[in-house]
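# Residue-level structure breakdown
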Amino acid sequence: MHSEPEARVVEGDLTCLVPATEAHLALLARWFADPEFVRNWGGRPLARDEVAAKYTGRRRPDVESFVILSRTVPVGYAQYVPAGPDQGGIDMVLLPQAQGRGLGPDAARALVRHLRTVLGWTRVTVDPEARNAHAIRAWAKAGFRPVGGQGGHLLMECLPAHDLSPTENHDASRTPEN
């Protein structure tokens, strides 16, 4: 049986992830209709009804959806998907103007901490497109390391040593700076 996780606000140092709801539909529909926003998220703009069905919390508990805020300004979308009782994956996309400011790695670290401490996950993965060097660098800054490939995607896993403080430098010497 699948227990329903309690959707809650997840705090980082630079970001805050709030559960996505129907109240966010207009914002999310605008974002997911923008070809630049979805360039690395399926590659095609989405219709409002598809956004409503997938990204406003309707798929709980199978998928938990969040709007990422920088202070009070919405800057992106994140979700996590359980793949077993103690593991699963994260997906995230930021507005182009929000990228390169450390917001993605901060939100990722905060979400990993939540998944490990609140939900008890022992394995957290992401699978950015292998050609998306910017995303791979951002995930690496959040503590994820490559563990394999899946088609055109790079499978990365967050190692437990990297979910401590969101302000720690996560071995920046191993990845290029933005």
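Structure shown above.
Residues numbered from 1 in each chain as written. Predicted model: local features only at pLDDT ≥ 70, side-chain atom pairs only at ≥ 80, totals over all residues. Heavy atoms only, no water.

### Some remarks on the sheet that holds strand β6 (residues 123-126)
Strand order in this open sheet of eight strands is β1-β2-β3-β4-β5-β6-β8-β7, and the pairing throughout is mixed. Here the strands that pair on one side only, and so sit at the sheet edges, are β1 (10-11) and β7 (144-150). Relative to strand β8 (residues 153-158), β6 runs antiparallel, the two being bridged by two bridges. For T125, the partnering residue across the bridge sits in β8 and is E157. Along the sheet, helix α1 (residues 25-32) contacts β3 (64-70), β4 (73-84) and β5 (87-94); its crossing angle with β4, the most-contacted strand, is approximately 90 degrees. Docked against the sheet, helix α3 (residues 103-117) engages β1, β2 (15-19), β3, β4, β5, β6, β7 and β8, running at close to 155 degrees with respect to β5. (Pairing = 2+ DSSP bridges. Helix = DSSP H or I, 4+ residues; strand = E, 2+ residues; numbered from the N terminus. Contact = heavy atoms within 4.5 Å. Axes fitted to C-alpha atoms, helices over the stretch in contact; angles between N-to-C directions.)

### A few points about the pairing of β7
By the bridge criterion, six bridges tie β7 to β8 in an arrangement that is antiparallel. By the bridge assignment for β8, G149 is matched with L154.

### Some words on the environment of A47
Secondary-structure assignment places A47 in the loop between α1 and α2 (48-55). For A47, a relative accessible area of 41% puts it in the partly exposed group. C-alpha of A47 to C-alpha of R30: the two residues are 17 residues apart in sequence and 9.4 Å apart in space. (Buried < 20%, exposed > 50% of the residue type's maximum accessible area, 1.4 Å probe, protein only.)

### Here we look at unusual backbone geometry
Residue P61 follows R60 across a cis peptide bond; omega there is 0 degrees. Take P61: it is sitting in the loop between α2 and β3. If you check the backbone angles, R71 has positive phi at about 65 degrees while not being a glycine. Mapped onto the elements of the fold, R71 is located in the loop between β3 and β4.

### Overview of the packing of aromatic side chains
Tallied over the full model, the rule gives eleven aromatic pairs. Between Y55 and Y77, the ring centres sit 5.1 Å apart and the planes meet at 75 degrees, which makes this aromatic pair edge-to-face. Separated by 22 residues along the polypeptide, Y55 in helix α2 and Y77 in strand β4 bring together distant segments of the chain. There is no split in this pair, since Y55 and Y77 are both buried. Between Y80 and W121, the ring centres sit 5.5 Å apart and the planes meet at 85 degrees, which makes this aromatic pair edge-to-face. On the criterion of sequence distance, the pair formed by Y80 in strand β4 and W121 in the loop between α3 and β6 is long-range, its members being 41 residues apart. Assessed through its relative accessible area of 0%, Y80 is described here as buried. Through a chain of ring-to-ring contacts, the aromatic side chains of W31, F32, F37, W41, Y55 and Y77 assemble into a single cluster. (Phe/Tyr/Trp six-rings, centres within 6.5 Å; stacked < 30°, edge-to-face > 60°.)

### Observations regarding the pairing of β5
The buried count for β5 comes to six of eight residues, which makes it a mostly enclosed element. Across eight bridges, the pairing between β4 and β5 is antiparallel. Residue pairing in the sheet places Q79 in a bridge with D91 of β5. Here β4 folds back onto β5, and the loop between the two strands holds two residues. Bridge count between β5 and β6: three bridges; the pairing is parallel. In the sheet register, G89 faces β6, and the bridge partner there is T125.

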